[in-house]
Amino acid sequence: MAEMRFDRETISNAVHTKWAGKTVHFAEEVNSTNEWAKTLGKEGAAHGTLAVAEYQSAGKGRLGRRWTAPAGSSVMMTILLRPDFEPQYAPMLTVVMGLSVAQAAQRMGVDTSIKWPNDVVVSRKKICGILTEMSVEEGNIRYVVIGVGINVNLDTLPDELADKATSLYLETGKTYDRNEMVAYVMECFEENYERFVKSGDLALLQEDYNRMLANCGQPVRVLDPLSPYEGIARGIDQKGELVVEKTDGTVVCVSAGEVSVRGLYSYV
Ligand code: BTN
């Protein structure tokens, strides 16, 4: 079956939201949709503006890494936001987006879960990367961009990624409509973002998130650089910290920037 068109008009027609992805910019090729969205931000583009590309010549990952995907295989997009809240709350938006992508993939019929804090996983392997960047002026957020790369119809992965990453196609043998994927992410994100703004934290999203958390109730190893320890993951709190019950019964809240967590028997 020929793939559906993936372009500005088809995406726009699929998105049914109030503001998230209400304006769509589409390019066959850009350097990075995050860079593009930042330029749109500087030019005054509205809250919720979405930049989508079929191919990125200089896609960016976290920690200065590259993010590459062949044309036709993935969803690569960045949403521009103009929040009223203070800069310190912005990192939680990555969690809000992670939850939204997991819910969107679930709506597409794929059994998805989340590896804390924001890896969306299928069969214990990552299908998505998220990169949040912000511009601050005199202590106020000028804009935030959240870039999302989703491995949708990717049919091969480089050897070095094969044990950690996968795609929806590789897991299910089915190809998916990327327009629908963009639309579902925008719809889920809009709803989740509004709940986030309402409470100023993740309190109203905690339950949905914990339901999708891959290792909730499972043993995990907390890779604290000073003294690693084991415990049972109990879910996130309203700040997005992972609540871990240690073997001696004490409860610790683990903050994402400080330490990472592994399942005892695998990456998840
Ligand atoms: C990660 O390292 O896991 C984050 C990867 C983020 C990739 C996406 S693809 C769309 C957007 N544009 C970029 O240059 N990066 C993000």
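Model, not experiment: these values are computed from the prediction. Each chain has its residues counted from 1, following the order in which its sequence is written. It should be noted that, the model being predicted, local features are given only for residues of pLDDT at least 70 and side-chain atom pairs only at 80 or more, the latter also being counted only at that level, while totals for whole chains, interfaces and linings use all residues. Water and hydrogen atoms play no part in the side-chain values, which are based on all heavy atoms of the structure.

**Quick look at the overall build of the protein**
- Helix and strand counts for the protein stand at six helices and 13 strands.
- Based on the C-alpha atoms only, the size of the protein along its principal axes is roughly 55 × 45 × 30 Å.
- Relative accessibility decides the category of a residue: with a 1.4 Å probe and only protein chains considered, values under 20% of the type maximum give buried, values over 50% give exposed, and everything between is partly exposed. Within the protein, buried positions represent 53% of all 268 residues.
- Contacts between residues were defined by any pair of non-hydrogen atoms, one from each residue, lying within 4.5 Å. Counting only contacts in the protein whose residues sit at least 6 apart along the sequence, the fraction spanning at least 24 positions is 64%.
- What sets the accessible areas is the Shrake-Rupley method with a 1.4 Å probe; for residues, cover comes only from the shown protein chains. Just so you have it, the protein exposes about 12,600 Å², and 48% of that area is on carbon and sulfur atoms.
- For the protein, the distance from the average site of its 28 positive side-chain charges to the average site of its 36 negative ones is 2 Å. The secondary structure listing takes helices from DSSP runs of H or I that are at least 4 residues long and strands from runs of E that are at least 2 residues long, numbered from the N terminus. Positive charges come from Lys and Arg alone, negative charges from Asp and Glu alone, with His and the N- and C-terminal ends not counted. For this purpose, a charge sits on NZ of Lys, CZ of Arg, CG of Asp or CD of Glu.

**Details of the sheet that holds strand E4 (residues 113–115)**
- Only strands joined by at least two bridges in the DSSP assignment are considered to pair. Judged by pairing direction, the sheet is antiparallel, and its three strands sit side by side in the order E4-E5-E6 without closing on themselves. The sheet is open, and its two borders are formed by E4 and strand E6 (125–126), each paired with just one other strand.
- In the sheet, E4 pairs with strand E5 (residues 119–122) via three bridges, with the strands oriented antiparallel. The residue of E5 that forms the bridge with Ser113 is Val121.

**Some thoughts on helix H3 (residues 92–107)**
- For a helix, the expected span equals 1.5 Å multiplied by the residue count minus one. An ideal rise of 1.5 Å per residue puts 22 Å on 16 residues; H3 measures up with 23 Å between its terminal C-alpha atoms.
- The buried fraction of H3 amounts to 14 of the 16 residues, a majority that puts the element mostly inside the structure.

**Description of unusual backbone geometry**
- Here the residue pair Trp116 and Pro117 is connected by a cis peptide bond, since its omega of 0° sits within 30 degrees of zero.
- By secondary structure assignment, the location of Pro117 is in the loop between E4 and E5.
- The backbone of Glu138 shows a phi angle near 50°, a positive value even though the residue is not glycine.
- Along the polypeptide, Glu138 turns up in the loop between strand E7 (128–137) and strand E8 (140–151).

**Focus on the nonpolar core**
- The criterion is simple. A nonpolar core is a set of buried Ala, Val, Leu, Ile, Met, Phe, Trp, Tyr and Cys residues joined through side-chain atoms within 4.5 Å. Ile150 and Met181 are the most contacted members of the largest nonpolar core, which has 66 residues in total.
- With ten residues, H3 is the largest single contributor of residues to this core.
- Core analysis: the second largest hydrophobic core is formed by seven residues, Ala37, Leu80, Tyr143 and Val145 among them.

**A short note on the pairing of strand E1 (residues 24–30)**
- When E1 meets strand E2 (residues 50–56), the two strands line up parallel, connected through six bridges. Bridge assignment links Val24 to a residue of E2, and that residue is Leu50.
- A crossover counts as right-handed when, viewed with the strands pointing away from the observer, the path leading from the first strand over the helix to the second turns clockwise. Once you follow E1 into helix H2 (residues 33–42) and on to E2, the crossover reads as right-handed.

**Some points on the packing of H3 against helix H5 (residues 178–199)**
- Axes here mean lines fitted to C-alpha atoms, for a helix over just the part in contact, with angles spanning 0 to 180 degrees between N-to-C directions. At a minimum axis distance of 8 Å, the contact between H3 and H5 shows a crossing angle of 135°. Accordingly, the angle class assigned to the pair H3 and H5 is oblique. The two elements H3 and H5 meet at a crossing, and its hand is right-handed. Residues Met92, Leu93, Val96, Met97, Leu99, Ser100, Val101, Gln103, Ala104, Ala105 and Arg107 of H3 touch H5, and the partners they reach there are Met181, Tyr184, Val185, Glu187, Cys188, Phe189, Asn192, Tyr193 and Phe196.
- Split into classes, the residues belonging to the contact of H3 with H5 amount to 15 nonpolar, three polar and two charged. Just so you know how the angles are binned, under 35 degrees is roughly parallel, over 145 roughly antiparallel, 65 to 115 roughly perpendicular, and the rest oblique. A crossing counts as left-handed when the near helix is turned anticlockwise from the far one by less than a right angle, and as right-handed when that turn is clockwise. Under this grouping Gly is polar, as are all residues other than the nonpolar Ala, Val, Leu, Ile, Met, Phe, Trp, Tyr, Cys and Pro and the charged Asp, Glu, Lys and Arg.

**A look at the site of the ligand**
- When we say a residue is near a molecule or strand, we mean one of its heavy atoms is within 4 Å of it. Taken together, 19 residues are adjacent to the ligand, and Ser32, Thr33, Gln56, Lys60 and Arg62 come closest.
- Here Lys126 contributes a side-chain N or O atom positioned 3.4 Å from an oxygen atom of the ligand.
- Contact with the protein chains covers 98% of the free accessible surface of the ligand, which is 420 Å².
- Elements that contribute at least two residues to the shell around the ligand include exactly H2, strand E3 (74–81), E7 and E8.
- Looking at the shell around the ligand, its residues break down into six nonpolar, ten polar and three charged. Under the rule applied, a polar contact is a pair of N or O atoms within 3.5 Å (in protein, one hydrogen donor and one hydrogen acceptor; residues adjacent in sequence only if both atoms are side-chain atoms).

**As for the packing of aromatic side chains**
- Ring pairs shown here join Phe, Tyr and Trp side chains whose ring centres sit within 6.5 Å, with only the six-membered ring taken for Trp; geometry is labelled stacked below 30 degrees between planes, edge-to-face above 60, and tilted in between. Taken as a whole and judged by the stated rule, the model has six aromatic pairs.
- Ring geometry for Trp19 and Tyr193: centres 5.2 Å apart, planes at 70°, overall edge-to-face. With Trp19 in the loop between helix H1 (8–14) and E1 and Tyr193 in helix H5, this pair connects stretches of sequence that are 174 residues apart. Neither Trp19 nor Tyr193 differs from the other in exposure class; each is buried.
- With 6.3 Å between their ring centres and 75° between their planes, Phe85 and Tyr89 make a pair best called edge-to-face.
- Taken together, the aromatic side chains of Trp19, Phe85, Tyr89, Phe189, Tyr193 and Phe196 make up a single cluster linked through ring pairs.

In short, geometric facts, not functional conclusions.
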